[in-house]
2 protein chains.
Amino acid sequence: MGVTKTTLFNDTQNELAAFAKVLGHPARIAILQYLLKANTCCNYNLVDDLGLAQATISQHLKEMKQLGIIQGTVEGVSVNYCINPEKWLELKARFSELFDGYRPGDCLSC
Amino acid sequence: MGVTKTTLFNDTQNELAAFAKVLGHPARIAILQYLLKANTCCNYNLVDDLGLAQATISQHLKEMKQLGIIQGTVEGVSVNYCINPEKWLELKARFSELFDGYRPGDCLSC
DNA sequence: TACATATATCGTAATATTGCAATATAACAG
DNA sequence: CTGTTATATTGCAATATTACGATATATGTA
């Protein structure tokens, strides 16, 4: 059906999945890595750097912006994007919470 | 077109995106959380717990198994799944590397 | 052997995602 | 106002994902 049954899961699970989903595309990883290095970037920087069409880059930026991971400020004709510090820390914390919840043990029968 | 242009990105970016993608569904998050708590589980445990059909659970397990995040061992009629310790640490490290790469700075023009 | 239990796989329908050309919008320069 | 530059939005085609019923497979039990 292509539709996720979100009602079966709690908010924490749906939100963490939503964050992971947006990181689940190499172009969006590449955009974030660009931002980590350059601190700021515009759409056209990414078009040059990644080799995807302008419309495609714009779409990926929109998705990350909607989740609050990045923010854009209009600067004349262009838009400067950068990472949202608070959201970035939240993301980091959410994933750490998941990963740190593991205590190794034997694979016993259930 | 629905097809990701993986050739535009490097292995690190594609692999990290693949890991994030598999975490990008609440059912798979829920399965991992179940495993973190119970240490081990079978398909039918998850069917009871999550409320998804057996075939659907099996499919989600398969995806995580293919990436090596979980492993399954046949135990009589059922299969015991558990988290792959090495892969889990690798995942944690990969995401930490991304998140720790951020140094806050101003959103300057580009 | 016949049956029950547990899981995997197949086939299919509904929906989502990816990518881009074309076009719209917005800000600035002359 | 006109043209230029940068970005957003729309519309569409190709492909991917999600979910599940039906069925296949595999192990254990009577």
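Residues numbered from 1 in each chain as written. Chains lettered and ligands numbered in written order. Predicted model: local features only at pLDDT ≥ 70, side-chain atom pairs only at ≥ 80, totals over all residues.

Labelled according to an unreviewed UniProt entry, chain A appears under the name Winged helix-turn-helix transcriptional regulator, originating from Paucihalobacter ruber.

A closer look at helix H5 (residues 85–100) of chain A
The end-to-end C-alpha distance of H5 of chain A is 22 Å, a good match for the 22 Å that 16 residues give at a rise of 1.5 Å each. Along H5 of chain A, the positions that sit buried rather than exposed are Trp88, Leu91, Phe95 and Leu98 of chain A. Relative to the axis of H5 of chain A, the buried residues are bounded by an arc of 90 degrees and lie together on one face. Of the exposed residues in H5 of chain A, the ones pointing more than 90 degrees away from its buried face are Pro85, Glu86, Ala93, Glu97 and Asp100 of chain A. The inward-facing, buried residues of H5 of chain A contact helix H1 (11–23) and strand E2 (78–83) of chain A together with helix H5 (85–100) of chain B. (Helix = DSSP H or I, 4+ residues; strand = E, 2+ residues; numbered from the N terminus. Expected span 1.5 Å × (residues − 1). Buried ≥ 20, exposed ≤ 12 C-beta atoms within 10 Å, placed from the backbone. Arc of directions from axis to C-beta. Contact = placed C-beta atoms within 7 Å.)

Looking at the protein's contact with DNA strand C
Taken together, 29 residues form the shell around DNA strand C, and within it Gly2 and Ala55 of chain A together with Gly2, Cys42 and Ser78 of chain B come nearest. Sorting the residues of the surface near DNA strand C by element identifies helix H4 (54–66) of chain A together with helix H3 (43–50), helix H4 (54–66) and strand E2 (78–83) of chain B as the ones contributing at least two each. Looking at the surface near DNA strand C element by element, the count peaks at six residues for H4 of chain B. Along the lines of polarity and charge, the residues of the surface near DNA strand C split into 14 nonpolar, 13 polar and two charged. (Near = placed C-beta within 6 Å. Nonpolar A, V, L, I, M, F, W, Y, C, P; charged D, E, K, R; others polar.)

Overview of the protein's contact with DNA strand D
Around DNA strand D, a shell composed of 29 residues is seen, among which Gly2, Cys42, Tyr44 and Ser78 of chain A together with Gly2 of chain B lie nearest. Where the surface near DNA strand D is concerned, the elements lending two or more residues are helix H3 (43–50), H4 and E2 of chain A together with H4 of chain B. Here the surface near DNA strand D gets six residues from one element, more than from any other, and that element is H4 of chain A. Of the residues belonging to the surface near DNA strand D, the class tally is 14 nonpolar, 13 polar and two charged.

A few points about the relation of the copies chain B and chain A
Superposition of chain B onto chain A requires a rotation of 180 degrees combined with a translation of 0.0 Å along the rotation axis, giving an RMSD of 0.0 Å. What the rotation and shift describe, once combined, is the action of a two-fold rotation axis. (Least-squares fit on C-alpha atoms with pLDDT ≥ 70 in both.)

A closer look at the pairing of E2 of chain A
Residues and elements named next belong to chain A. Pairing between strand E1 (residues 70–75) and E2: six bridges, direction antiparallel. Counterpart to Gln71 in the pairing with E2 is Cys82. Once E1 ends, the chain turns through two residues before running back antiparallel as E2, passing Gly76 with a positive phi of about 70 degrees. (Pairing = 2+ DSSP bridges.)

Here we look at the environment of Gln13 of chain A
By the secondary structure assignment, Gln13 of chain A is in helix H1. The exposure class of Gln13 of chain A is partly exposed, given the 19 C-beta atoms found within 10 Å. Residues Gln13 of chain A and Leu35 of chain A, 22 residues apart in the sequence, show an inter-C-alpha distance of 27 Å. Setting aside residues up to four positions removed in sequence, Gln13 of chain A forms contacts with Pro26, Ile29 and Ala30 of chain B.

Notes on unusual backbone geometry
Positive phi, normally seen in glycine, also occurs at Asn39 of chain A, with a value near 75 degrees. Within the secondary structure, Asn39 of chain A is located in the loop between helix H2 (26–38) and H3.

Focus on the nonpolar core
Ranked by size, the top nonpolar core spans 55 residues in total, and within it Leu35 and Ile70 of chain A together with Leu35 and Ile70 of chain B carry the most contacts. The contacts of Ile70 of chain A, once residues within four sequence positions are left out, are Leu35, Leu61, Met64, Lys65, Tyr81, Cys82, Ile83 and Asn84 of chain A. (Core = buried A, V, L, I, M, F, W, Y, C linked by C-beta atoms within 7 Å.)

Remarks on the interface of chain B and chain A
At the junction of the two partners, chain B supplies 45 residues and chain A supplies 45 residues. Looking at the side of chain B that touches chain A, the elements with two or more residues in it are helix H1 (11–23), helix H2 (26–38), H3, strand E1 (70–75), E2 and H5 of chain B. It is H1 of chain B that contributes the most residues to the side of chain B that touches chain A, seven residues altogether. In terms of residue class, the side of chain B that touches chain A is built from 26 nonpolar, 15 polar and four charged.

Some thoughts on the UniProt feature "domain: HTH arsR-type" (unreviewed entry) in chain A
The sites that UniProt annotates as "domain: HTH arsR-type" (unreviewed entry) are residues 8–106 of chain A. As annotated, residues 8–106 of chain A has a helix share of 64% and a strand share of 12%, and its two end C-alpha atoms lie 29 Å apart. (UniProt positions renumbered as here; feature names shortened; annotations may be inferred.)

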